[in-house]
Amino acid sequence: MNILILGSGGREHALAWAVMQNPKCDRLIVAPGNAGMAQIAECATLDIENGDAVVTFAQQNTIDFVIIGPEAPLTKGVADRLHEAGVNVFGPSAEAAKLEASKFFTKEICDAAGAPTAAYGHFTDADAAKAYIREQGAPIVVKADGLAAGKGVIVAMDEQTALDAIDDMFGGAFGGAGAEVVIEEFMDGEEASYFILCDGTTALPIGTAQDHKRVGDGDTGLNTGGMGAYSPAPVLTDDIAARAMREIIEPTVAEMAKRGTPYQGVLYAGFMIKDGQARLVEYNARFGDPECQVLMMRLGAQALDLMLACAEGRLDEAQVNWANDHAITVVMAANGYPGPYQKGSVIKGLDDLPEDSMNMVFHAATTKVDGEITATGGRVLNITARGDSLQEARDRAYAMIEKIDWAEGFNRSDIGWRAL
Ligand code: AMP
Ligand code: GLY
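Here is what the cut-offs are and how they apply
Residues numbered from 1 in each chain as written. Chains lettered and ligands numbered in written order. Predicted model: local features only at pLDDT ≥ 70, side-chain atom pairs only at ≥ 80, totals over all residues. Heavy atoms only, no water. Buried < 20%, exposed > 50% of the residue type's maximum accessible area, 1.4 Å probe, protein only. Helix = DSSP H or I, 4+ residues; strand = E, 2+ residues; numbered from the N terminus. Pairing = 2+ DSSP bridges. Axes fitted to C-alpha atoms, helices over the stretch in contact; angles between N-to-C directions. Parallel < 35°, antiparallel > 145°, perpendicular 65-115°, else oblique. Contact = heavy atoms within 4.5 Å. Nonpolar A, V, L, I, M, F, W, Y, C, P; charged D, E, K, R; others polar. Near = heavy atom within 4 Å. Polar contact = N/O pair within 3.5 Å; in protein donor to acceptor, adjacent residues only side chain to side chain. Areas by Shrake-Rupley, 256 points an atom, 1.4 Å probe, with all protein chains shown as cover. Arc of directions from axis to C-beta.

A. Expanded view of the pairing of strand β17 (residues 326-334). Buried residues dominate β17, accounting for 8 of its 9 residues. Both β17 and strand β22 (residues 379-387) contribute to a ladder of 8 bridges, which runs antiparallel. Each residue of the ladder has a partner; that of A327, found in β22, is R386. Sheet analysis places β17 next to strand β23 (residues 409-411), joined by 3 bridges and oriented antiparallel. Its bridge partner lying in β23, A334 is registered against G409.

B. Summary view of the packing of helix α6 (residues 103-113) against helix α9 (residues 238-258). Here α6 crosses α9 at 105 degrees, and the two axes come no closer than 9 Å. With respect to their mutual orientation, α6 and α9 come out roughly perpendicular. Here F105, I109, A112 and A113 of α6 lie close against α9, whose contacting residues are P251, T252, E255 and M256. Here the residues of the contact of α6 with α9 are counted per class, giving 6 nonpolar, 1 polar and 1 charged.

C. Structural view of the site of ligand 1. For ligand 1, the set of nearby residues contains 15 residues, the closest of which are E184, E185, M187, E191 and E282. Between ligand 1 and the protein, one listed contact pairs a nitrogen atom with a backbone N or O atom of E185 at 2.9 Å. Taking E191, its side chain carries an N or O atom lying 2.4 Å from an oxygen atom of ligand 1. Calculation on ligand 1 without its partners gives an accessible area of 470 Å², and the protein chains cover 86% of this total. Where the shell around ligand 1 is concerned, the elements lending two or more residues are β7 (140-144), β8 (153-156), β9 (181-185) and β16 (277-284). Split into classes, the residues belonging to the shell around ligand 1 amount to 8 nonpolar, no polar and 7 charged.

D. Geometry of helix α7 (residues 126-136). Within the span of α7, buried status applies to A129, K130, Y132 and I133. Axial view of α7: buried residues confined to an arc of 160 degrees, hence all on one face. Facing away from the buried side of α7 by more than 90 degrees, the exposed set consists of D127 and E135. Residues of α7 that are buried make contact with β6 (120-123), β7, α8 (159-170) and β9. The opening residue of α7, the one whose side-chain oxygen lies 3.2 Å from the backbone nitrogen of D127, is D125.

E. Just the environment of M1, in detail. If you trace the backbone, M1 turns up in the segment before β1 (2-7). According to the relative accessible area criterion, M1 is partly exposed, its value standing at 23%.

F. Quick look at the sheet that holds β8. Strand order across the open sheet formed by 4 strands is β6-β9-β7-β8, with antiparallel pairing between neighbours. What marks the edges here is a single partner per strand, and that holds for β6 and β8. On average, each strand axis in the sheet is inclined to that of its neighbour by 15 degrees, with strand direction left out of account. As paired elements, β6 and β9 share 4 bridges and run antiparallel to each other. Across the sheet, the residue bridging to Y120 is E184, located in β9. Docked against the sheet, α7 engages β6, β7 and β9, running at close to 160 degrees with respect to β6. Running at roughly 5 degrees to β7, α8 makes contact with β6, β7, β8 and β9 of the sheet.

Structural data, given as structure tokens:
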């Protein structure tokens, strides 16, 4: 079959890598792709947030299956357009993607589903929001309702920080996203992510992972999109995960179906875990980046069969072949990230690295200039490895990094520390 993957990050490179290994894949196109994906697939220029353009492209290239990587095309209804045109697609409708696009929507779904999450208030007026903060006291969490590129959440350890966040949000600091806020109880505990495939009715977990959001070793410095991840996350034990399926995930999927907006795609649940129980922090309507890289490393070719089963409503017949393995990915970023950084530096040494089922360099922001791999973004490479233990996987990943010659880039040296 002919497959189209939308996106250009490390997440999409990992998806492409897994899909390519499946004999069902005859032709793979990625749009727009990057220099890493260009080694295994055709790259196409396409406005991936324009549903009509994606449908036309899919028809012209006789695409049988589209996999949508990032959230922007989902919230813009690209999956809806493909669905209407009769093209099989992995990824939720715009209505269902509101689980990521609106914090208030997710809170309402949790209320209806009885899913454990933080207590909250929802406000469209700054004075009422401030009164609620004064009444509840700190610590407290202030969230802009809509998508804010990961910057719309303020975890306020004191009341003044929370009140200032309200002024910022209603003052337009987050554009339209701040015209509505959700104010939440601060939850204590350890965070972990759970990835669940859904076909609208059936929910099938495919793995746990833990991200490293801060830029510096020891979880210090500014927040980023994620500096590394590993799977599985030992804090999300089988018992806690099974209980979360019963209390959070299955009721959410049932509630979405009941509303006539069934959820199809991957549900990425962020949990706060304490005292043997998970509470929901947030949902995302897509794979995490870089969490997808470790999940794909562990799933390999079966990822395509599972995503197809989602799109075709056959997830009840599907099965995940678990391996007792571990995977890790270490992000290499351009110096300065997440602040201002230079683009265009050349990365050397990649050709000598092994690329197989145990070791992979996924590209997140690269292009080829005069035959050389060149950085084009903040998070640039994801050095990914698998092993029988997390330690073994980690040693492999860091051994690969040693061989990469890129003075203009950096990485955290402690990915996996929590689990080790
Ligand atoms: P979100 O975008 O909702 O995932 O929030 C970003 C981050 O803020 C999360 O990964 C948590 O680290 C933190 N956070 C969000 N909500 C809460 C909460 N209610 N209590 C504690 N931390 C939170
Ligand atoms: N790594 C966090 C995310 O993808 O949202």
